[in-house]
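For reference, the chains in residue letters:
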Amino acid sequence: EDEFRQYEQLGDHFAAVAGWTDAEVVVDAGGNGRDGLEGSASFVTGGYFSVLGVRPVLGAGLPSRETTNAPVAVISHRMWQHLYAADPGVLGSTVSVNGTSFTVVGVAPPGFNGVVMGSAGFKLWVPLATRSLVVPGAMHEFRAAARLRSDVTLGSASAAVGVVASRVAASN
């Protein structure tokens, strides 16, 4: 995560930078008779949805503050349909992820399952800072994406990323 912060500081090249890590989880919507379903959680930085150009179909989505540890979640459209019967009043409901309660603050658009192709199961997105509450232990993979500023060339941004990557590699 500290390495991600170095990339995030390339604001003169990128309009926004987002990071995430994924984990398989058990999801429980509580009291609906469909408890203990296997799913996938993405633990994301605050800019995740804006970098990808995705807006929830319901709700405001996750807070934009990078360090928020608020127990809030955006659920996939499929999860909303299956676990909450597409109830438009789902916002404010609770979803349990590996036994930790999160408040639903958004529903992703139909077909959006994050950046991993073929990931069409029950999916949700929660703040990165909540990861240790849900999945103990070290992160094995942390991914990032960025939205290039309109006044920056891909070559210039690639060069800047290369400098940071060299610095990160030297410190490890």
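Asker: So what exactly am I meant to see when it comes to the overall build of the chain here?
Answerer: Helices and strands together make up the secondary structure of the chain, namely 5 helices and 8 strands. Helices and strands in the chain line up, N terminus first, as α-β-β-α-β-β-α-β-β-β-α-β-α. Expressed as a percentage of the 172 residues in the chain, the buried residues total 41%. When contacts within the chain are restricted to residue pairs at least 6 apart in sequence, long-range pairs at least 24 apart make up 72% of them.

Asker: Just to check I follow, could you spell out the nonpolar core for this structure?
Answerer: Within soluble globular proteins, side chains that are nonpolar generally end up buried alongside one another. Of all hydrophobic cores here, the largest spans 25 residues; its most connected members are F43, I75, Y84, V90, V95 and L124. For this core, the elements supplying multiple residues, two or more each, are β1 (14-28), β2 (37-44), β4 (72-75), α3 (77-84), β5 (94-97), β6 (100-107) and β7 (122-127). Ranked by residue count, the leading element in this core is α3, at 4 residues. If we skip the residues at most four places from it in the chain, I75 touches W80, Y84, V90, V104, G106, V107, A108, K123, L124 and W125. In terms of nonpolar packing, the next biggest core, distinct from the first, is built from 13 residues, V51, L62, A108 and F112 among them.

Asker: Is there a simple way to think about α3 in this case?
Answerer: For an α-helix, the turn length of 3.6 residues means that residues three or four places apart are oriented alike. Of the residues making up α3, those classed as buried are H77, M79, W80, L83 and Y84. Projected down its long axis, α3 shows its buried positions confined to an angular sector of 160 degrees, all on one face. A85 lies just past α3 and shows a positive phi near 50 degrees.

Asker: How should the confidence of the model for the chain be read in this particular structure?
Answerer: Detail in the predicted coordinates should be disregarded across regions flagged by low pLDDT. Per-residue pLDDT for the chain averages 84, and the proportion of residues at 70 or more is 88%. Of all secondary-structure elements in the chain, the lowest mean pLDDT belongs to helix α1 (residues 2-8), at 74, while strand β3 (residues 58-59) reaches the highest, 96.

Asker: Any chance you could explain the environment of S76 here in plain terms?
Answerer: Considering the arrangement of structural elements, one finds S76 in the loop between β4 and α3. Between the alpha carbons of S76 and G111 there is a distance of 8.4 Å; along the sequence they are 35 residues apart. Contacts of S76, omitting those with residues within four sequence positions, involve V107, A108, N113, G121, F122, K123 and W125.

Asker: Any chance you could explain the pattern of salt bridges here in plain terms?
Answerer: Tallied over the full model, the rule gives 3 salt bridges. Taking the shortest distance from any N to any O, the salt bridge between K123 and D22 comes out at 3.4 Å. Remark: D22 occurs in strand β1 and K123 occurs in strand β7; sequence separation between them is 101 residues. Residue class for D22 comes out partly exposed when judged on its relative accessible area of 28%. The partner of R149 in a salt bridge is D151, and the shortest N-O contact between them spans 2.7 Å.

Asker: In this structure, what is going on with the pairing of β4? I would like to understand it.
Answerer: Each regular strand shows side chains that alternate between the opposite faces of the sheet. On β4, burial covers both faces: V72 and V74 on one face and A73 and I75 on the other are all buried. Relative to β7, β4 runs antiparallel, the two sharing 2 bridges. Paired with V74 across the bridge in β7 is W125.

Asker: What's the story with the pairing of β7 in this structure? I'm lost.
Answerer: Most of β7 sits inside the fold, with 6 of its 6 residues counted as buried. Judged from the 6 bridges that link them, β2 and β7 form a sheet pairing that is parallel. In the sheet register, V44 faces β7, and the bridge partner there is P127.

Scoring rules and cut-offs
Residue numbers run consecutively from 1 along every chain, following the written order of its sequence. Local features in a predicted model are, by the rule used here, given only for residues with pLDDT of at least 70; side-chain atom pairs are given and counted only at 80 or more, and totals for whole chains, interfaces and linings are based on all residues. Working from all heavy atoms in the structure, the side-chain values ignore hydrogens and water. Strands are runs of DSSP state E lasting at least 2 residues, helices are runs of H or I lasting at least 4, and numbering of each runs from the N terminus. Here's how the labels work: a residue is buried when its accessible area is under 20% of the maximum for its type, exposed when over 50%, partly exposed in between, all with a 1.4 Å probe on protein chains only. Note on contacts: a residue pair qualifies if any of its non-hydrogen atoms lie within 4.5 Å across the two residues. Residues belong to one nonpolar core when they are buried, are Ala, Val, Leu, Ile, Met, Phe, Trp, Tyr or Cys, and are joined through side-chain atoms within 4.5 Å. The arc in question is the one traced by the directions running from the helix axis out to the C-beta atoms. Scored between 0 and 100, pLDDT is the confidence that the predictor attaches to each residue. By definition here, a salt bridge exists when the distance from a side-chain nitrogen of Lys or Arg to a carboxyl oxygen of Asp or Glu is within 4 Å. DSSP calls a pair of strands paired once it identifies at least 2 bridges connecting them.

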